[in-house]
Structures are given as C-alpha cells and as structure tokens.
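Below, each chain spelled out in residue letters.
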Number of protein chains: 2
Amino acid sequence: MAPHGDRSDAAEEATAAQLEKRPISTVVIIIGRATKIADFYFNVPFPMQTEALPLVDRFQLIEDRDSLFPKGVPWVRYHGIYKDLNINLIWPGKDPTLGVDSVGTISASLVAYASISALQPDLIINAGTAGGFKAKGASISDVFLASEVAFHDRRIPIPVFDLYGVGLRQAFPTPNLLKELNLKAGKLSTGDSLDMSPQDEASIVANDATVKDMEGAAVAYVADMLKVPAIFVKAVTDIVDGEKPTAEEFLQNLAAVTAALGESVTQVIDFISGKCLSEL
Amino acid sequence: MAPHGDRSDAAEEATAAQLEKRPISTVVIIIGRATKIADFYFNVPFPMQTEALPLVDRFQLIEDRDSLFPKGVPWVRYHGIYKDLNINLIWPGKDPTLGVDSVGTISASLVAYASISALQPDLIINAGTAGGFKAKGASISDVFLASEVAFHDRRIPIPVFDLYGVGLRQAFPTPNLLKELNLKAGKLSTGDSLDMSPQDEASIVANDATVKDMEGAAVAYVADMLKVPAIFVKAVTDIVDGEKPTAEEFLQNLAAVTAALGESVTQVIDFISGKCLSEL
C-alpha cells in the first residue's frame, strides 16, 4: 500500500528542489544524551542539560516557557535568532515521574515528531555524545558526522521486516561541511540499552558502526517520514571496545568532549548560515 | 525538575474527578500487530489490517481519507459513532518505503501521541495479538487484560535510570470490566524484537509477564505522559515457552484468536458505552 498521494509527487519534487536552493532558515537541534557513561561506570550524575547549556549561551537562546508542546511533556525548547537562522534547541527533558533524563528512542522520536510538526524546520541536527569503537577508528573527543544510522536492538528475523527493524537511513549528505570542519565520518548505530548484549554487538558489527548512541536512528526515522533532512553530530565520550578509563580520566574526558561537541555544533551552525541545503 | 505548573494541580484533579463521573465519549483503539508469528515461523504474510478489519465492520467505521495526521505518515484512522461512543480505530499502517507493517514501539508511541493530541480521547484501548507464557498460565486464544505493562529491552543499569528503562506502568483499573467479560488478568512485557534473547528473557521474568508484545509499554508511556487512561487487550496467538505449533495448527489458531480478539474488543466497547471511567 502506497501511503497517500502519488498525485503530487512531481509537484513535491519541484518544491523540494526549490527548498534546496534557498538559504536554510529554521533549524531544530535535538540534544541526546547518548551513553550516560559517567553514571554507568562511576555513578556520577551528569545531566543531559550539560550538553545543551553551552549552546544556549553561545547562541543566546531563551527558554520557551509557553511551550509549543502539550502540557505534561517534559520536553524543553530554547530558541532565538543567530546569524539569520531561527535556532531551536530541544532536549527531551527529565522524566516527570522519576526525574532522570528522558533518554532513548521513544522520547527522541516523539520530540522529533512534535518539533517538526510545530516548527517545519529546514534541517534537523541531532547532537550528542556517543560510545566509539576503536577497532573502527574512534578515539575519545572525536566528533563524528554520521554518514548513515541504523538500529541494533530491533531483531525481526522475517524477510523485509528484518530491514524494517534495522531501519537503515542515510544522513543528509553534507560533503562540504564534512571537509570544511574536518569532522570524522562514520556510521552510527542506535539502541535503547546502555550496555551491549552479544545480540546487540552482532547487529552493531552488521551495521558497520563506528559510534553507538541511544537516539540517532529514531530521529532519522521520524525525519525521513516527515521529509526533513537530518544530520547527526556525535562526540565520543568513551571507547566501547577498549579499556575502561579511570573515573578521574573519564571526568577529564567528559569536560573536553562536551566542549568539543559544543564547538562542533557551533561550527556547523556557522557553516550553515546563509547557505542552502544543496551547498552543504 | 518538575515539568510545568504545580500551580494548577488541584484544579486538574478536580477536572479529572469530574471526567471520571461523566460518560465516556471518545475512545481511541490502537491496533498493534504483536508477534507476527505467522511470518516468523512460516513465512505466511499476515497483515496487521486483519486485526483491524473485523472491528471496522462491526462498528461500521469509515476510513478517514483527509487524514488527521501529517502528510507522509502511514497511519490509518477508521472512525464512526457506535452506541453513542466516538470510536477511532487507528493502526500504524505500512512502512512507506518497505511496505511491511509498522510494528514496534516507535510507531506505536508516535501514533498514540498524534491520536491523543488530535482527538483528546477519554480512553485508549491498545488491542492486538501477543505471545503467551504457559508457565504463567497463558493458553492459545486467551484474551488478557493487562494489569500492568513494562519494557524488556531497555537495559540501563544505573540507579533510577534502570526504572526509567523498564518503564513500568499500571493499566487503568477496570475491575468491573474484567469480571463482566471474564477476561484473564496478567502482566504485559514489550520489546522491539520478535525473538527473545537471554537478556530479554531475564527482563520478562523480572517483569513477571504473562504476555509479550511489541507495542503496549510504548502506548502506556505516551498515555501516562498525556494523562489519558489506557487499557491493553491482548489475545494469545502463540506460546513462547512451548512447543512450536505446526503451520496448519498455527493458522487454525490464528483465525480463532483474531476472532476472539475482535469479540473481546467489541464486548469491551459494549461494556464501556454509557459508563463513566469510575464505573469500569
């Protein structure tokens, strides 16, 4: 069953082509806390907000108090105009009942859906920290721009359903951005568990992933469904296939990695400003 | 961080109490294909729509062609008035790219969110098929009303985050409905994989689950966040901890189970008609 109109495909393509040729205007940045590694290994609480706040300051955003979102949801939006871009920084917030960060694919997909519906952005940027695989070339503090994203914990071993479960999607291609910013390129794999079961590991290998998070493929699913280009900026806080760092070493890493992520997202925004999608 | 106003909690509670005392008006039924067992074991395609269509006929619903939902989403709504109830039957539809049913927690949570936002229902009914555990008393064709729902594939081994991952939620209590309809009560566990890894199995045991699906806890998460009561009607198509049936036996089961599910959902709707939430 082809959902909805074949009728207007040509018109849509024409519109999409036009959009690619005018400067990007509205950007939604969805912040994800990817690995929660500080909590995991050292029981050091490390709020997701830490990832958002440097960017809030940098872009001089203000918190949206009369939320775009329905009452009851914990999602937080910071917004403002920066270099002619309408910037919306959104993080899924804290679970209303438990008070912990709303990590994972369900929150990320809902936030992406609600943000796109309300703001009709030209581009989604999913930014956050991630675990990296040294066997695939990742090091602490590397910032990756994902070339493609997929799930590693949705095993449906039926023909075609298996592909649906993996949910492989290409990031919006940004060759000039990648070159200009000297970011690393790699594939991103997403799952709802912080640990890595043998089944997850096999899927991550099958996905050929260099970095692992808890949100990316969910954001990609929604962005693809609603036809909004999406890119994924992920900074490596820990090496999944390496020696675990000491607590002290890790906390040093974390401060540096968070700064690196903020710096990279700022560079991405600066690069995007005044350009159209086709110039990325 | 307490999300949004503490200011109006008392007013809200008063409103909620009033709502519980007026007859239920709008119901959203979210159809989930839970186990896809026919495909899994026998590679017999069995569309999710099969679960929806008997109810569409029974309640004389019509398909909503000018969708409530944004362009591009595959979600399908059938709606109509049946016994003074505004019935909305919603299924996540087929993946626009791959053509297979949009199973799993992300689709279910998005459909729940969009349906609640658009329709402000008094009650959500998540209806579908499920795998059952015979060690917990499940048999083929049993229809369960879940007492509580939780996830079994979101492992986050950090204090409090672990509870967030499990996402345990109570179904809206319906003691009279349970007694009147002679349904079985049991706990429901939800995950995005069709198979069951050892880690999933341990979590399902920890969840004390009698039935296993791919949507329930995601619907519960969204319904709880948006403060809409939700119940879960799940019919057992296969026994997870038993001998696998022959293809022939299974297909016989499936027809019977689908009929049993349709019958139970009809009985639930008939029971609800004219009652307020507090009478369920």
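Definitions and limits used
- Residues numbered from 1 in each chain as written.
- Chains lettered and ligands numbered in written order.
- Predicted model: local features only at pLDDT ≥ 70, side-chain atom pairs only at ≥ 80, totals over all residues.
- Heavy atoms only, no water.
- Helix = DSSP H or I, 4+ residues; strand = E, 2+ residues; numbered from the N terminus.
- Buried < 20%, exposed > 50% of the residue type's maximum accessible area, 1.4 Å probe, protein only.
- Contact = heavy atoms within 4.5 Å.
- Axes fitted to C-alpha atoms, helices over the stretch in contact; angles between N-to-C directions.
- Parallel < 35°, antiparallel > 145°, perpendicular 65-115°, else oblique.
- Left-handed = near helix turned anticlockwise from the far one by under 90°.
- Nonpolar A, V, L, I, M, F, W, Y, C, P; charged D, E, K, R; others polar.
- Least-squares fit on C-alpha atoms with pLDDT ≥ 70 in both.
- Core = buried A, V, L, I, M, F, W, Y, C linked by side-chain atoms within 4.5 Å.
- Phe/Tyr/Trp six-rings, centres within 6.5 Å; stacked < 30°, edge-to-face > 60°.
- Lys NZ or Arg CZ within 6 Å of the ring centre and 35° of its normal.
- Buried area = accessible area lost by both parts, 1.4 Å probe.
- Salt bridge = Lys/Arg side-chain N within 4 Å of Asp/Glu carboxyl O.
- Polar contact = N/O pair within 3.5 Å; in protein donor to acceptor, adjacent residues only side chain to side chain.
- Pairing = 2+ DSSP bridges.

A. Expanded view of the overall build of chain A. Of regular secondary structure, chain A possesses nine helices and ten strands. Taking all 280 residues of chain A together, the buried fraction comes to 59%. A separation of at least 24 residues holds for 76% of the contacts in chain A among residues at least 6 apart in sequence.

B. Representation of the packing of helix H4 (residues 105-119) of chain A against helix H8 (residues 216-225) of chain B. Relative orientation of the contacting elements H4 of chain A and H8 of chain B amounts to 55°, with a least axis distance of 11 Å. Classified by the angle their axes make, H4 of chain A and H8 of chain B are oblique. Crossing handedness for the pair H4 of chain A and H8 of chain B: right-handed. Where H4 of chain A abuts H8 of chain B, its residues Ile106, Ser107 and Leu110 of chain A lie against Ala218, Tyr221, Val222 and Met225 of chain B. Considered class by class, the residues forming the contact of H4 of chain A with H8 of chain B number six nonpolar, one polar and no charged.

C. A look at the side chain of arginine 155 of chain B. Considering the arrangement of structural elements, one finds arginine 155 of chain B in the loop between strand S6 (143-151) and helix H5 (161-166). A relative accessible area of 14% places arginine 155 of chain B in the buried class. Every residue in contact with arginine 155 of chain B, bar those within four places of it in the chain, is listed here: Asp192, Ser193, Leu194, Asp195, Ser197 and Asp200 of chain A together with Gln199 and Asp200 of chain B.

D. Broad picture of the relation of the copies chain B and chain A. Rotating chain B by 180° and moving it 0.0 Å along the rotation axis overlays it on chain A with an RMSD of 0.0 Å. Both chain copies can therefore be described as sitting about a two-fold axis. Of the residues that chain B buries at the interface, 100% are likewise interface residues in chain A, meaning the two copies contact each other through the same surface.

E. Quick peek at the nonpolar core. The biggest cluster of nonpolar side chains holds 94 residues, and the ones touching the most others in it are Trp75, Leu110 and Phe232 of chain A together with Trp75, Leu110 and Phe232 of chain B. In contact with phenylalanine 232 of chain A, other than residues within four places in its own chain, are Asn126, Phe144, Leu145, Ala146, Val149, Ala171, Leu188, Gly216, Val219 and Ala220 of chain A.

F. Looking closely at the packing of aromatic side chains. The final tally for this structure, using the stated rule, is seven aromatic pairs over all chains. Here arginine 154 of chain B stacks its cationic end above the ring of tyrosine 164 of chain B, 5.3 Å away from the centre of that ring.

G. Examining unusual backbone geometry more closely. All names here are of chain B. For serine 141, which is not glycine, the phi dihedral falls at a positive 80°. Structurally, the position occupied by serine 141 is in the loop between strand S5 (123-132) and S6. With a relative accessible area of 27%, serine 141 lands in the partly exposed category. Located in the positive-phi region is asparagine 182, a residue other than glycine, with phi close to 60°. Along the chain, asparagine 182 falls in the loop between helix H6 (175-181) and strand S8 (184-190).

H. Layout of the interface of chain B and chain A. Each partner contributes residues to the interface: chain B has 60 residues there, and chain A has 60 residues. For the pair chain B and chain A, the two sides together bury roughly 5500 Å², of which 65% comes from carbon and sulfur. Our count for the contact surface shared by chain B and chain A stands at four salt bridges. Its salt-bridge partner being aspartate 200 of chain A, residue arginine 155 of chain B comes within 3.1 Å of it at the nearest N-O pair.

I. Representation of the environment of alanine 217 of chain A within the structure. Residue and element names in this part refer to chain A. Residue placement: alanine 217 occurs in helix H8 (residues 216-225). It is 5.2 Å that separates the C-alpha atoms of alanine 217 and alanine 150, two residues lying 67 residues apart in sequence. Residues in contact with alanine 217, not counting those within four places in the same chain, are Val149, Ala150, Phe151 and Thr190.

J. View of the pattern of salt bridges. Residue and element names in this part refer to chain A. On inspection of all chains with the given rule, the structure shows 26 salt bridges over all chains. Notably, a salt bridge pairs aspartate 64 with arginine 77, separated by 3.2 Å at the nearest N-O pair. Note that aspartate 64 is positioned in the loop between strand S2 (62-63) and strand S3 (76-82) and arginine 77 in strand S3, a separation of 13 residues in sequence. Among the residues examined, aspartate 64 registers a relative accessible area of 14% and is labelled buried.

K. Fine view of the environment of arginine 77 of chain A. Residue and element names in this part refer to chain A. Residue arginine 77 is classed as buried on the basis of its relative accessible area, which comes to 10%. Note: C-alpha distance between arginine 77 and serine 67 (ten residues apart in sequence) is 7.5 Å. Excluding anything up to four places from it in sequence, arginine 77 contacts Ile62, Glu63, Asp64, Leu68, Phe69, Asn88, Leu89, Ile90 and Leu119. A distance of 2.5 Å separates polar atoms of two side chains, one belonging to arginine 77 and the other to asparagine 88.

L. Spatial organisation of the pairing of strand S8 (residues 184-190) of chain A. Bridge count for strand S6 (residues 143-151) of chain A against S8 of chain A is six bridges, and the pairing is parallel. Paired with leucine 145 of chain A across the strands is alanine 185 of chain A, a residue of S8 of chain A.

M. A look at the pairing of S6 of chain B. Residue and element names in this part refer to chain B. Counted residue by residue, S6 has eight buried out of nine residues, so it is predominantly covered. Summarising the sheet, S6 and strand S10 (residues 230-239) pair through three bridges and their orientation is antiparallel. The partner of leucine 145 across the bridge, within S10, is valine 233. Bridge count for S6 against strand S7 (residues 169-170) is two bridges, and the pairing is antiparallel. Bridging across to S7, valine 149 finds its partner in arginine 169.

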